[in-house]
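Residues per chain are reported as follows:
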Amino acid sequence: MNGNLFLTFFKIGLFTLGGGPAMIPIVQNEIVKERKLISEQDFLDAVAFSTGLPGAIIVNLSVFVGHRIGGAMGALSSAAGVIMPAFVSIMILASVFDLISESKVIQAIFLGIRSTVIVLIGLAIFSIIKQTNYKGVSIIFGVVSLVMLYVFQMSSFTVLLIGGLCGLLLYSSRRYKDAE
C-alpha cells in the first residue's frame, strides 16, 4: 500500500503546477474520485487541517492522507512521493536558470502557466465551497473571514485561529443544530 501511496502522490507532484491551492482539485480527483482512498468529508477535513499548518499545503495534505490510509509509513511514503518531483525539478532548473531566465519563450511559457494557475485556484475554491454545504452561521464566518483578510489585512493564521475558536464555542454549545 505504501508503494501505491508513493506512486499516487509522485504522479500528483509530477503533473501539477502552481503550488498547493492549485493542486487541491487534482488531489481531490485522484484521491477521492478516482482511487476512492478517503471520503469527500475526510478530504475536506484534510484540506482544512493542511491549510491551518505551517508549510506547503500539498505536503501537509499528502501527510494527512497518507497517515489516514497507512499510518506513519503511509504519511512518509505520500510526502516523499509528492516532494520528489519538485525537488528534482528545482535542482535542474536552478542549475540552468541563469541561461534560460532571459528567454522570451520561457517568459511566455510562465505567463501562460500563471494564467492557468489562477483558474486552478478558482476551481479549488469552487469545489470546496460546493462540498462544504455552507449555510447559516457558516456563511457569516466566511464573509467575516474575507473582510478580516482583505479589508483589515490580518494574517491568515490569526483569521484561522479566530475562526477555529468561534467554531469551537458556537458548535460545541447546545445550539449546534441551529447554528448550521
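Keep in mind the model is a prediction, meaning the values are calculated, not measured. (Residues numbered from 1 in each chain as written. Predicted model: local features only at pLDDT ≥ 70, side-chain atom pairs only at ≥ 80, totals over all residues. Heavy atoms only, no water.)

Here we come to the overall build of the protein. A count of helical and extended segments in the protein gives eight helices and zero strands. Seen in sequence order, the protein has helices and strands lined up from the N terminus as α-α-α-α-α-α-α-α. With respect to the principal axes defined by its C-alpha atoms, the protein has extents near 60 × 45 × 25 Å. Residues counted as buried form 27% of the 180 residues belonging to the protein. In the protein, 58% of the contacts between residues at least 6 apart in sequence involve partners at least 24 apart. Only carbon and sulfur atoms are counted for the fraction: they give 70% of the accessible area of the protein, which is about 11600 Å². (Helix = DSSP H or I, 4+ residues; strand = E, 2+ residues; numbered from the N terminus. Buried < 20%, exposed > 50% of the residue type's maximum accessible area, 1.4 Å probe, protein only. Contact = heavy atoms within 4.5 Å. Areas by Shrake-Rupley, 256 points an atom, 1.4 Å probe, with all protein chains shown as cover.)

What follows concerns the confidence of the model for the protein. For the protein, mean pLDDT is 85; residues scoring 70 or higher make up 93% of the total. When pLDDT is averaged over each element of the protein, helix H4 (residues 57-100) comes out on top at 91 and helix H8 (residues 176-179) at the bottom at 51. (pLDDT = per-residue confidence, 0-100.)

Next up on the list: the environment of Phe6. Among the structural elements, Phe6 can be located in helix H1 (residues 2-14). Spatially, the C-alpha atom of Phe6 lies 4.9 Å from that of Ser78, the residues being 72 residues apart in sequence. If near-sequence neighbours (up to four positions away) are discounted, Phe6 is found in contact with Ser77, Ala80, Gly81 and Met84.

A few words on unusual backbone geometry. Positive phi outside glycine occurs at Lys36, with the angle close to 50°. Note that Lys36 resides in the loop between helix H2 (20-34) and helix H3 (40-51). Classification of Lys36 as exposed rests on a relative accessible area of 63%. Of note, the phi angle at Gln153 is positive, near 50°, even though the residue is not glycine. Its location among the elements puts Gln153 in the loop between helix H6 (137-150) and helix H7 (156-171). Here Gln153 falls in the exposed class, since its relative accessible area comes to 66%.

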